[in-house]
Amino acid sequence: MVCFRTLGLDHHCPTGLLLFLLVSSSLSVGTLPHLSHLHVPSLVPHAPLPLSRSHFSAKAQLDLTTHCNFSCYHKGEDINKEHLTDQLAFETLYADGSRTLTTVDLDDDEDISNNIFPTPSVRKKHKLTALSRKRMRRQIYGADGRFSIRGDHFLQDYPFSTAVRISTGCTGVLVSQQHVLTAAHCVHDGKDYVKGARKLRVGFLISPSNVTKQGEAPLKKPLVRWVRVKRTRVPKGWIQGPQEVSMDYDYALLELRWPHRRPFMRLAVAPSSNDLAGKRIHFSGFDSDRPGELVYRFCPVEDESNDLIYQHCDARPGASGSGVYGRVWDDTLERWERKVIGIFSGHQWLEINGENRDYNVAVRFTPLKFAQICYWVHGNRADCSQD
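From a predicted model like this one, the values you see are computed outputs, not experimental measurements.

*Asks:* If you had to explain the state of the cysteines to someone new, which residues and values would you point to?
*Replies:* Taken as a whole and assessed by the stated rule, the structure comprises three disulfides. One disulfide bridge connects cysteine 68 with cysteine 72, the sulfur atoms lying 2.1 Å from each other. Its S-S torsion of about -115° marks the bond between cysteine 68 and cysteine 72 as left-handed, since a negative value means left-handed. For the pair formed by cysteine 68 and cysteine 72, the shared burial category is buried.

The structure is reproduced here in structure tokens:
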């Protein structure tokens, strides 16, 4: 079906078709998952240490590509507590260019094995699936499966309304009334903050119909309302390591100068793909080859390591930083809920047993990463539990 692969009103796809695809893709499940209660660790932050001011000398890199071998793929099994706490330390960049470093500890009672490996099914899964389709070009696999979201009734509605633009050329996702998650490489290259992070802004799509003056022709593409960022937080795991390691920590949290009024998407520890509705992930972003448009896609999870989600969702530069979400079963509400379980990072070549395979990858939120991001959002440990 042509319109399934290249959705857009200009491709004559009925509006109802997208709604059907969104619902059917999320509800195509057999039995409900039986998830044990997941313990979220407690991070103990220390007093922030002042750092020198940033030089903002780095250039934004929208297309992140890394390489990983067998030992890299399995590296999570040998990480000790000291190494983990070092990776989970974080930098805070303020609007005036000043920086601080906050080191953290884990509660003495924490069992790090439960916090590295989110679920037993992920812990045991180490066999990469074969690449079933010929790679046509970077980040697009076979027929383009992306959907251009158009029309006020879609752009202004949840979950598409949670996607925002980042002024450095990436995408972000609203995760609270004042916070946006994006990819760390959109604001920092591992050595320094990018030039555009000096006056970082977040863009909210505005319906053209809300700004068109009487007598004027309606605008075809939505406008963007930009809001300044007052604080940016980046994990030390991204800043200090080689890219094949730091990609595991390719996420950053932006705090806006003032709250917004749009719905946001809640965070969750990433479950095994077997516990996602339809075993699928979804994300919407501002791909560079479709300027001014919000682009949605969904696809099955091909494989997963302790820190990354491997998939073949079609994407292009600009989609980096998109909130990767899935339908996660909520025991309290007794229904499937959309929750952000990772951040789209980029592309990775895996060399396993002498064979190269390529995937688009997302950083998966382990219990420790969830605890870190939750602390960034709430500013305390009491509000950070898996709900």
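After that view of the structure, there is still more to cover.
*Asks:* Explain the nonpolar core residue by residue, including any values.
*Replies:* Side chains of nonpolar character tend, in soluble globular proteins, to be buried together. With 76 residues, the main nonpolar core has Leu181 and Val202 as its most contacted residues. If you tally residues by element for this core, the top one is helix H10 (residues 367-378), at seven residues. Excluding its chain neighbours within four sequence positions, the residues that come into contact with valine 202 are Val164, Arg165, Ile166, Val180, Arg225, Trp226, Val227, Val229, Leu254 and Leu256. One finds Leu276, Val324, Val328 and Phe344 within the second-largest nonpolar core, a separate group that totals 16 residues.

*Asks:* An account of the pattern of salt bridges is requested, with residue identities and associated values reported.
*Replies:* Counted according to the given criterion, the structure contains 15 salt bridges. Put simply, aspartate 144 and arginine 290 hold a salt bridge, and the shortest N to O gap is 3.5 Å. Within this pair, whereas aspartate 144 is found in the loop between strand S8 (140-141) and strand S9 (147-149), its partner arginine 290 is found in the loop between strand S16 (280-285) and strand S17 (294-304), the two being separated by 146 residues in sequence. Both residues of the pair, aspartate 144 and arginine 290, count as buried. Aspartate 287 is the salt-bridge partner of arginine 146, the closest N and O atoms lying 3.0 Å from each other. Highlighted residues: arginine 146 in the loop between S8 and S9 and aspartate 287 in the loop between S16 and S17, separated in sequence by 141 residues. Neither arginine 146 nor aspartate 287 differs from the other in exposure class; each is buried. A single network of salt bridges, built from pairs that share partners, joins Asp144, Arg146, Asp287, Asp289, Arg290 and Arg297.

About the cut-offs
Residues numbered from 1 in each chain as written. Predicted model: local features only at pLDDT ≥ 70, side-chain atom pairs only at ≥ 80, totals over all residues. Heavy atoms only, no water. Disulfide = S-S within 2.5 Å. Buried < 20%, exposed > 50% of the residue type's maximum accessible area, 1.4 Å probe, protein only. Core = buried A, V, L, I, M, F, W, Y, C linked by side-chain atoms within 4.5 Å. Helix = DSSP H or I, 4+ residues; strand = E, 2+ residues; numbered from the N terminus. Contact = heavy atoms within 4.5 Å. Salt bridge = Lys/Arg side-chain N within 4 Å of Asp/Glu carboxyl O.

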